[in-house]
Amino acid sequence: MSVFSNFPPKEPLVSRTYEIDLSLYEKLEFLSNNTYDVSINKLVNACLDYLLNTKKIDLYKRPKNEISVFRTFLIRKSILEELDDLKIEYNISLTKLVNISIYNALIDEGIIKK
């Protein structure tokens, strides 16, 4: 196993805009600014990669009065291709899949409580 094997291989990034729950985005922003030496784009890619590996599609209840914001991310091309397959398989919008992936990752990391 290589020292650098934890990093994904270089591949094209595709710009995509999604409507993200503000509370989830703020948690990613906090992690990016205070905990990890990584951009929000890379955190979102990690969340999506985690979702694709676990196939854990659990709908969650949004807090009352939750605000959604439009944010543009650079997503790895391979993730987008797999995400499209997941969208078709579960009949769920890409925006919802992105939010679910962030929510699941934050839950599993113990950052938010279920």
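In case you missed it, the structure is sitting above this.
Draft legend 1. Spotlight on the overall build of the protein chain. Counting its secondary structure elements, the protein chain contains four helices and two strands. Each helix and strand of the protein chain, ordered N terminal to C terminal, gives the series β-α-α-β-α-α. Against the compact-globule benchmark of 13 Å for 114 residues, the protein chain has a radius of gyration of 14 Å, which places it among compact chains. C-alpha extents for the protein chain along the principal axes are approximately 45 × 35 × 25 Å. Out of the 114 residues in the protein chain, the part that is buried amounts to 35%. Taking as baseline every contact in the protein chain between residues at least 6 positions apart, the subset at least 24 positions apart corresponds to 83%. Entry remark: accessible area of the protein chain is about 7,500 Å², with carbon and sulfur atoms responsible for 52%.

Draft legend 2. Unusual backbone geometry, seen in detail. A positive phi angle is found at Lys55, which is not glycine, with a value near 55°. For Lys55, the position within the fold is in the loop between helix H2 (40–54) and strand S2 (68–76).

Draft legend 3. Examining the pattern of salt bridges more closely. Across all of its chains, the model carries three salt bridges by this definition. The partner of Glu11 in a salt bridge is Arg76, and the shortest N-O contact between them spans 3.2 Å. Residue Glu11 is found in the segment before strand S1 (13–21), and its partner Arg76 is found in strand S2; the two are separated by 65 residues along the sequence. The exposure class of Glu11 is partly exposed, given its relative accessible area of 24%. Judged by relative accessible area, Arg76 falls into the buried class, the value being 16%. Notably, a salt bridge pairs Lys56 with Asp108, separated by 3.0 Å at the nearest N-O pair. Taken together, the positions of Lys56 in the loop between H2 and S2 and Asp108 in helix H4 (residues 94–108) put the pair 52 residues apart, joining distant regions of the chain.

Draft legend 4. Broad picture of the layout of surface pockets. As a volume, the largest pocket reaches approximately 640 Å³. Every residue lining the largest pocket is counted, 19 residues in all, and those nearest its centre are Phe7, Pro8, Lys42, Asn45 and Arg76. Within the residue set of the lining of the largest pocket, elements represented by two or more residues are H2 and S2. The element contributing the most residues to the lining of the largest pocket is H2, with eight residues. Grouping the amino acids of the lining of the largest pocket by side-chain chemistry returns nine nonpolar, five polar and five charged.

Draft legend 5. Region of interest: a negative patch on the surface. Residues Glu81, Glu82, Asp84, Asp85 and Glu89 make up a contiguous surface patch of negative charge. In this fold, Glu81 is placed in helix H3 (residues 77–90). By relative accessible area, Glu81 is classed as partly exposed at 45%.

Thresholds applied
- Residues numbered from 1 in each chain as written.
- Predicted model: local features only at pLDDT ≥ 70, side-chain atom pairs only at ≥ 80, totals over all residues.
- Heavy atoms only, no water.
- Helix = DSSP H or I, 4+ residues; strand = E, 2+ residues; numbered from the N terminus.
- Rg over C-alpha atoms; globule rule 2.2 N^0.38 Å.
- Buried < 20%, exposed > 50% of the residue type's maximum accessible area, 1.4 Å probe, protein only.
- Contact = heavy atoms within 4.5 Å.
- Areas by Shrake-Rupley, 256 points an atom, 1.4 Å probe, with all protein chains shown as cover.
- Salt bridge = Lys/Arg side-chain N within 4 Å of Asp/Glu carboxyl O.
- 1 Å grid on protein atoms, 1.4 Å probe; cavity = no way out; pocket = protein on both sides within 12 Å on 5 of 7 lines; lining within 4 Å.
- Points joined across faces, edges and corners; volume = space filled by probe spheres on them.
- Nonpolar A, V, L, I, M, F, W, Y, C, P; charged D, E, K, R; others polar.
- Patch = residues over 30% accessible without salt bridge, like charges linked within 9 Å, V, L, I, M, F, W, Y side chains within 5 Å.
- Lys, Arg positive; Asp, Glu negative; His and termini not counted.
- Charge placed at Lys NZ, Arg CZ, Asp CG, Glu CD.

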